[in-house]
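Each chain, written out:
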Amino acid sequence: MTNTRLVEGSAPAFEGRLTRQGVSRREFLKFCGLMAGTLALPARYAGRIAYALETAVRPPVVWLNFQDCTADTESFLRASQPDVDDLLLDILSLNYHETVMVPSGRMSVKSLEDTVRDYAGQYVCVVEGSIPTGDGGVYCGIGGRTALSIAQEVCSQALATLAVGTCAWEGGLAAAVPNPTGAVGVKDAVPGLATLINLPGCPVNVANLTATIVHFLTFQQWPETDGAGRPLFAYGEEIHEECPRHDHYEHDEFVQEWGDAAHRQGWCLFQMGCRGPDTKHNCPSVKWNDGTEWPIGAGHGCLGCSEQRFWDRHSPFYVPGDDD
Ligand code: SF4
Ligand code: F3S
């Protein structure tokens, strides 16, 4: 993990790096097809994505961990189909990430300072976790500075800021009542950012984070977003409308108790507290665990983890919500 000058990529160099990482050409093209699908683009865009990734300038990235549980980093590092984490690390120049970087202490802080100074207006800032503002921000400090002061300095000089996970979007769990640390998301800690993309979820789905970056590298623009700054490709459709259990909902076929016959037959989980009717996220199509499963597929209702203040609005979680 080193600072690299912004240089135009080349296909042979890119392919060489992939080979060294054990990623075959076939897996790379499969990844590009997956990205086209996640971005809701026709399959023919896979070739354009492949060309863009092979030749793109690798943007420097700094990843800030604030008041968080590190689940977004886990989501980022655990992806393996086909080695999304390796591909992403190859597409980007990850200059600073406290959890995975080699330098520690003063040297790690220097990596951040160097990137902000040398690449002002050119680096991408990823923020994970909420930012405490209570009592002058004393509840989260890194290298002798508050998270609030770091966020204000680093996000304001970035090309774009990506707030990953619900905490970085609007405070998440830490901001649940009574919010003892005064936790907020990036949008409130650093208001007025020119480009702030919010990727909520508890945690973020790495497919959506990757697709957002791939969209930028392919089209030189960030994906279109809704009024909350969430990319429409990922947060444009209601889970309820895309849910494979929707027919059961329409026919009033509901699970009434965990493990009952209706549960075993895959009926609707609305009576068990499913918040799918109140949640926009592409979980039914992109899924989790390398696209193998997702909460409702595994028999658990949606908690609405990508929606505003879901901890307060949706708890207690296992009682029916409002479906209109
Ligand atoms: Fe699916 Fe939940 Fe809607 Fe039922 S309430 S159809 S389980 S999203
Ligand atoms: Fe979250 Fe619901 Fe998807 S709980 S992971 S938005 S199915």
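None of the values given here were measured: they were computed from a predicted structure.

1. Let's talk about the sheet that holds strand 7 (residues 160-164)
- If you walk across this open sheet you meet the 5 strands as 2-1-3-7-9, and the pairing is parallel. Each edge of the sheet is formed by a strand with only one pairing partner; in this case those strands are strand 2 (93-97) and strand 9 (196-199). Taking the axes of each pair of neighbouring strands and ignoring which way they run, one obtains an average angle of 20 degrees across the sheet.
- Along the sheet face, helix 6 (residues 105-118) touches strand 1 (60-65) and strand 2 and points at about 130 degrees away from the line of strand 2.

2. A closer look at the side chain of Ser130
- Structurally, the position occupied by Ser130 is in the loop between strand 3 (124-128) and strand 4 (131-132).
- We classify Ser130 as buried; its relative accessible area is 0%.

3. With respect to empty space enclosed by the protein
- Evaluated as defined, the whole model comprises 2 cavities of 30 Å³ or more.
- By volume, the largest cavity is sized at about 100 Å³.
- His240, Cys243, Cys268, Leu269 and Cys274 are, among the 13 residues lining the largest cavity, the residues nearest its centre.
- Looking at the lining of the largest cavity, the elements that each hand over two or more residues are helix 12 (239-242) and helix 13 (246-250).
- Taken together, the residues that form the lining of the largest cavity break down as 9 nonpolar, 3 polar and 1 charged.

4. Thoughts on the nonpolar core
- One finds Cys32, Leu53, Leu162 and Leu209 to be the most contacted residues of the largest nonpolar core, which totals 39 residues.
- If you tally residues by element for this core, the top one is helix 10 (residues 206-219), at 7 residues.
- Every residue in contact with Leu162, bar those within four places of it in the chain, is listed here: Val124, Cys125, Val126, Val127, Ile197, Leu209, Thr212, Ile213 and Trp222.
- Formed by 29 residues, the second largest nonpolar core is a distinct cluster that contains Val116, Ile142, Ala158 and Ala189.

5. Concerning the side chain of Asp226
- One can find Asp226 in the loop between helix 10 and helix 11 (232-235).
- Within the local environment of Asp226, its side chain forms a polar contact with the backbone nitrogen of Ala228, the two atoms lying 2.9 Å apart.
- Not counting the four nearest positions on each side in its chain, Asp226 is found in contact with Leu232 and Tyr235.

6. A short note on the domain arrangement of the protein
- Structurally, the protein comprises domain 1 (11-233) and domain 2 (237-313).
- Between domain 1 and domain 2, the C-alpha centre-to-centre distance is 27 Å.
- At the junction of the two partners, domain 1 supplies 25 residues and domain 2 supplies 15 residues.
- For the pair domain 1 and domain 2, the summed buried area comes to about 1600 Å², and 46% of that belongs to carbon and sulfur atoms.
- Together, Glu170, Asn205 and Arg230 form the three largest contributors to the area buried by domain 1 at its contact with domain 2, with a combined 27%.

7. Here's the deal with the site of ligand 1
- As a matter of local geometry, ligand 1 sits amid 13 residues, with His240, Cys243, Cys268, Leu269 and Cys274 nearest to it.
- With respect to the pocket detection grid, ligand 1 is positioned in the largest cavity.
- Secondary-structure elements contributing two or more residues to the shell around ligand 1 are helix 12 and helix 13.
- Across the shell around ligand 1, the residue classes break down as 9 nonpolar, 3 polar and 1 charged.

8. Details of unusual backbone geometry
- The omega torsion across Cys202 and Pro203 is 10 degrees, close enough to zero to call that bond cis.
- With respect to the helices and strands, the residue Pro203 is situated in the loop between strand 9 and helix 10.
- In this model, Ser315 is joined to Pro316 through a cis peptide bond whose omega is 0 degrees.
- If you trace the backbone, Pro316 turns up in the segment after helix 16 (310-314).
- In the Ramachandran plot, Asn289 falls in the positive-phi region, its phi being about 50 degrees despite a non-glycine side chain.
- Even without being glycine, Arg309 reaches a positive phi, approximately 50 degrees.
- Tracing the sequence through the fold places Arg309 in the loop between helix 15 (283-286) and helix 16.
- For Arg309, a relative accessible area of 34% corresponds to the partly exposed category.

9. A short note on the state of the cysteines
- Scanning the model with the defined rule gives 0 disulfides in all.
- Between Cys167, a free cysteine, and Cys202, which holds the nearest cysteine sulfur, the sulfur-to-sulfur gap is 6.0 Å.

10. Some words on the environment of Cys283
- Within the element layout of this structure, Cys283 appears in helix 15.
- Once the C-alpha coordinates of Cys283 and Gly201 are considered, the two residues, 82 residues apart in sequence, prove to be 10.0 Å apart.
- Leaving out residues up to four positions away in the same chain, Cys283 has contacts with Ile239, Trp288 and Trp294.

11. Some words on the pairing of strand 1
- Summarising burial for strand 1: 6 of the 6 residues are buried, a large majority.
- For strand 1 and strand 2, the ladder comprises 4 bridges, and the chain directions are parallel. Following the sheet pairing, Pro60 is matched in strand 2 by Ser93.
- Note that strand 1 and strand 3 share 5 bridges and pair parallel. By the bridge assignment, Val61 is partnered in strand 3 with Val124.

About the thresholds
Residues numbered from 1 in each chain as written. Chains lettered and ligands numbered in written order. Predicted model: local features only at pLDDT ≥ 70, side-chain atom pairs only at ≥ 80, totals over all residues. Heavy atoms only, no water. Pairing = 2+ DSSP bridges. Helix = DSSP H or I, 4+ residues; strand = E, 2+ residues; numbered from the N terminus. Axes fitted to C-alpha atoms, helices over the stretch in contact; angles between N-to-C directions. Contact = heavy atoms within 4.5 Å. Buried < 20%, exposed > 50% of the residue type's maximum accessible area, 1.4 Å probe, protein only. 1 Å grid on protein atoms, 1.4 Å probe; cavity = no way out; pocket = protein on both sides within 12 Å on 5 of 7 lines; lining within 4 Å. Points joined across faces, edges and corners; volume = space filled by probe spheres on them. Nonpolar A, V, L, I, M, F, W, Y, C, P; charged D, E, K, R; others polar. Core = buried A, V, L, I, M, F, W, Y, C linked by side-chain atoms within 4.5 Å. Polar contact = N/O pair within 3.5 Å; in protein donor to acceptor, adjacent residues only side chain to side chain. Domains from an automatic or database assignment. Buried area = accessible area lost by both parts, 1.4 Å probe. Near = heavy atom within 4 Å. Sits in = over half its atoms within 2 Å of the grid points. Disulfide = S-S within 2.5 Å.

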